[in-house]
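An overview of the molecular structure
Now for the letters of each chain:
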Amino acid sequence: MTRNRVANLLRRRDSPQRPTFLELFFDLVYVFALTRIVHELVLDYTRGHVAERLTTSLAENGETLLLLLALWWIWTQTAWVTSRFDPFQPPIQFVVLATMYGSLLLAVAISGALAETGLLFASTYVAIQVGRTLFFVFIVRGHNLRRVNLLALVWFCASAVPWLAGALAPEVTRNTLWTVALAIDYLGARLGWPVPGLGRSRVSPWAVAGEHLAERYWQLVIVALGETILTSGSSLLRGPIVAPRTMALTLSFLTTVLLWRIYFYRAGQILGEAIAASADPGRLGRLAEFAHLLMVSGILASSAGSELVLSDPSGDAKAAWVGAILGGPALYLAGRSVFEYVAFARVSRPRPIGILVLAALAPIMVGLPPLGVAAAAVAVLLGVAVSDTARAYGRPLEEASPSR
């Protein structure tokens, strides 16, 4: 009887793999959460004298990256839940909505997570991970998935210690402890949550519903791109609507369009097919996850760069500002290169060439008007997009690489 009850909660292999409206609803919180991350990135570049010192800005970016990685892990595991379990079942809907509320609290706590709201951020993160896993331990009794959740629960309880201890510690110690906590969380999943005497899990979510997870990552990219439009439009309204700032908004929009075009042109359309064709879908799935983390990080850095350009389009671009305006697209292209390898088992030359061109432009762009730096980033992305179109012109659509 218990096994039948659990079976009703699981997503059937023959059921539609398209994400549900509940999952799209869940993503609404991440529009707000990613906006808060971009806000923190902008502060990293403008707080005090940070804008003058690239190395200091990178250190500040590292702190913001910790918060992004925590949000990313919550989102990713929620996507895994709805890939393995049927999101139309009330217990699964409860889990998703509870995680959604927790994610909202995390987003609210981002701005002061390294200061006064650190305890709220850490305790909410721990409550989501431990509470959600414990919930599944109880509702999948009698099924082999219970063992998987028991293993994960041990690791999440272990990472809870540095999470909560870091929330009560000074900032430098907090960064160290939270880095350790995230390392435990990510490493545990990568290794299958091994526990002495209990072994490890060898179940891959990509082997269960690769097509569903592929579409969930598509949707997250759209959410991140939507955040850039929201941020740039809001930034324009915070000052006079004059020609230089309008041009900055135009360049921001063109950057967003080109990032979208580069993502979805062919490789972005066949991720699920590529995973399904692989002899090791778990390995390619992990690569796809890493690729999307790089791409979303690049989109957010580009969004922060656009906001910096809108704040002072005709001034002198500081080194840190150039790092954001050009580094965001470079990071995105790096992730897109990994993504292309997942789909086609090769990387086309325009992507690494684009990264090299952006890196070469960075030193000579320092001190120039931010508008010019943004225009250079658009030109490089346009070159990559045009090369994609030229290479595919007159040829049949490329298929996913054979099983590998």
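An unreviewed UniProt entry lists the chain under the name Low temperature requirement protein A, from Micromonospora arborensis.

Some thoughts on the overall build of the chain
Scanning the chain from terminus to terminus reveals 14 helices and zero strands. Helices and strands in the chain line up, N terminus first, as α-α-α-α-α-α-α-α-α-α-α-α-α-α. The buried share among the 404 residues of the chain stands at 55%. A total of about 17,100 Å² of accessible surface is found on the chain, and carbon and sulfur atoms cover 69% of it.

What to know about the confidence of the model for the chain
Low-pLDDT stretches of the model should not have their predicted coordinates read in fine detail. Taken as a whole, the chain shows an average pLDDT of 87; of its residues, 89% reach a score of 70 or greater. In this model, residues 48–52 is a region of pLDDT below 50 whose contacts with residues beyond four sequence positions or in other chains number 13 contacts.

A look at the nonpolar core
Most often, soluble globular proteins have nonpolar side chains that are buried together. With 122 residues, the main nonpolar core has Tyr30, Phe85, Phe121, Trp163 and Trp178 as its most contacted residues. Summarising the domain contributions, this core has at least three residues from each of domain 1 (1–203) and domain 2 (207–391). Dropping the residues within four chain positions of it, tryptophan 178 is found in contact with Leu66, Leu67, Ala113, Leu114, Gly118, Phe121, Ala122, Pro162, Trp163, Gly166 and Ala167.

Observations concerning the environment of alanine 277
Relative to the helices and strands, alanine 277 resides in helix H10 (residues 271–277). Taking the C-alpha atoms as reference points, alanine 277 and alanine 343, 66 residues apart in sequence, are found 9.7 Å from one another.

Digging into the packing of helix H6 (residues 145–167) against helix H7 (residues 171–191)
The geometry of H6 relative to H7 is characterised by a closest axis approach of 8 Å and an angle of 165 degrees between their N-to-C directions. The angle between H6 and H7 falls in the class roughly antiparallel. As for how H6 packs across H7, the hand of that crossing is left-handed. Facing Trp155, Phe156, Ala158, Ser159, Pro162, Trp163, Ala165, Gly166 and Ala167 of H6, the residues of H7 in contact are Arg174, Leu177, Trp178, Val180, Ala181, Leu182, Ile184, Asp185, Leu187 and Gly188. Counted by class, the contact of H6 with H7 contains 14 nonpolar, three polar and two charged residues.

A closer look at unusual backbone geometry
Note on backbone geometry: most residues besides glycine have negative phi, and most peptide bonds are trans. Even without being a glycine, tryptophan 193 presents a positive backbone phi close to 50 degrees. Relative to the assigned elements, tryptophan 193 resides in the loop between H7 and helix H8 (205–237).

Focus on the pattern of salt bridges
In a structure, side chains of opposite charge can pair up when their charged atoms sit close to one another. Counted by the stated rule, this structure contains seven salt bridges. Close ionic contact of glutamate 340 with arginine 346 constitutes a salt bridge, the shortest N to O distance being 2.3 Å. One continuous salt-bridge network, built from bridges that share partners, spans Glu340, Arg346, Arg351 and Asp388.

Thoughts on the packing of helix H4 (residues 90–109) against helix H5 (residues 118–139)
Running from N to C, H4 and H5 point in directions that differ by 170 degrees, and their axes come no closer than 8 Å. One way to sum up the angle between H4 and H5 is to call them roughly antiparallel. Taking contact as the criterion, the partners of Pro91, Ile92, Phe94, Val95, Thr99, Gly102, Ser103, Leu105, Leu106 and Ala109 in H4 are, on H5, Leu120, Phe121, Thr124, Tyr125, Ile128, Arg132, Phe135 and Phe136. Considering only residue class, the contact of H4 with H5 consists of 13 nonpolar, four polar and one charged.

Brief notes about a nonpolar patch on the surface
Taken together, the side chains of Ile222, Ile229, Phe253, Leu254, Val257 and Trp260 make up a nonpolar region of the molecular surface, amounting to roughly 540 Å² of accessible area. Sorting the residues of the nonpolar patch by element identifies H8 and helix H9 (243–264) as the ones contributing at least two each. By secondary structure assignment, the location of tryptophan 260 is in helix H9. Given the relative accessible area of 41%, tryptophan 260 is considered partly exposed.

Things to note about the environment of arginine 245
Within the fold, arginine 245 resides in helix H9. Spatially, the C-alpha atoms of arginine 245 and leucine 371 are 8.9 Å apart, while their sequence positions differ by 126 residues. Other than its neighbours up to four places away in sequence, arginine 245 contacts Ser235, Leu236, Gly239, Pro240, Leu310 and Pro313. There is a polar contact of 2.8 Å between the side chain of arginine 245 and the backbone oxygen of proline 240.

What about the side chain of serine 232?
Here serine 232 shows up in helix H8. What makes serine 232 buried here is its relative accessible area of 6%. A polar side-chain atom of serine 232 sits 2.9 Å from the main-chain carbonyl oxygen of threonine 228. Residues contacting serine 232, with those up to four places away along its chain left out, are Leu249, Ser252 and Leu310.

Remarks on the packing of aromatic side chains
This structure, assessed with the given rule, holds 15 aromatic pairs. Measuring from centroid to centroid gives 6.4 Å for phenylalanine 121 and tryptophan 163, while their planes differ by 45 degrees, and the two rings are tilted. Of this pair, phenylalanine 121 sits in helix H5 while tryptophan 163 sits in helix H6, placing them 42 residues apart in sequence. In terms of burial, phenylalanine 121 and tryptophan 163 fall into one category: buried.

Some words on the side chain of threonine 35
Note that threonine 35 resides in helix H2 (residues 21–46). For threonine 35, the side chain forms a polar contact with the main-chain oxygen of valine 31, separated by 2.7 Å. Excluding residues that lie within four positions of it along the chain, threonine 35 makes contacts with Glu227, Leu230 and Thr231.

Conventions we followed
Residues numbered from 1 in each chain as written. Predicted model: local features only at pLDDT ≥ 70, side-chain atom pairs only at ≥ 80, totals over all residues. Heavy atoms only, no water. Helix = DSSP H or I, 4+ residues; strand = E, 2+ residues; numbered from the N terminus. Buried < 20%, exposed > 50% of the residue type's maximum accessible area, 1.4 Å probe, protein only. Areas by Shrake-Rupley, 256 points an atom, 1.4 Å probe, with all protein chains shown as cover. pLDDT = per-residue confidence, 0-100. Contact = heavy atoms within 4.5 Å. Core = buried A, V, L, I, M, F, W, Y, C linked by side-chain atoms within 4.5 Å. Domains from an automatic or database assignment. Axes fitted to C-alpha atoms, helices over the stretch in contact; angles between N-to-C directions. Parallel < 35°, antiparallel > 145°, perpendicular 65-115°, else oblique. Left-handed = near helix turned anticlockwise from the far one by under 90°. Nonpolar A, V, L, I, M, F, W, Y, C, P; charged D, E, K, R; others polar. Salt bridge = Lys/Arg side-chain N within 4 Å of Asp/Glu carboxyl O. Patch = residues over 30% accessible without salt bridge, like charges linked within 9 Å, V, L, I, M, F, W, Y side chains within 5 Å. Polar contact = N/O pair within 3.5 Å; in protein donor to acceptor, adjacent residues only side chain to side chain. Phe/Tyr/Trp six-rings, centres within 6.5 Å; stacked < 30°, edge-to-face > 60°.

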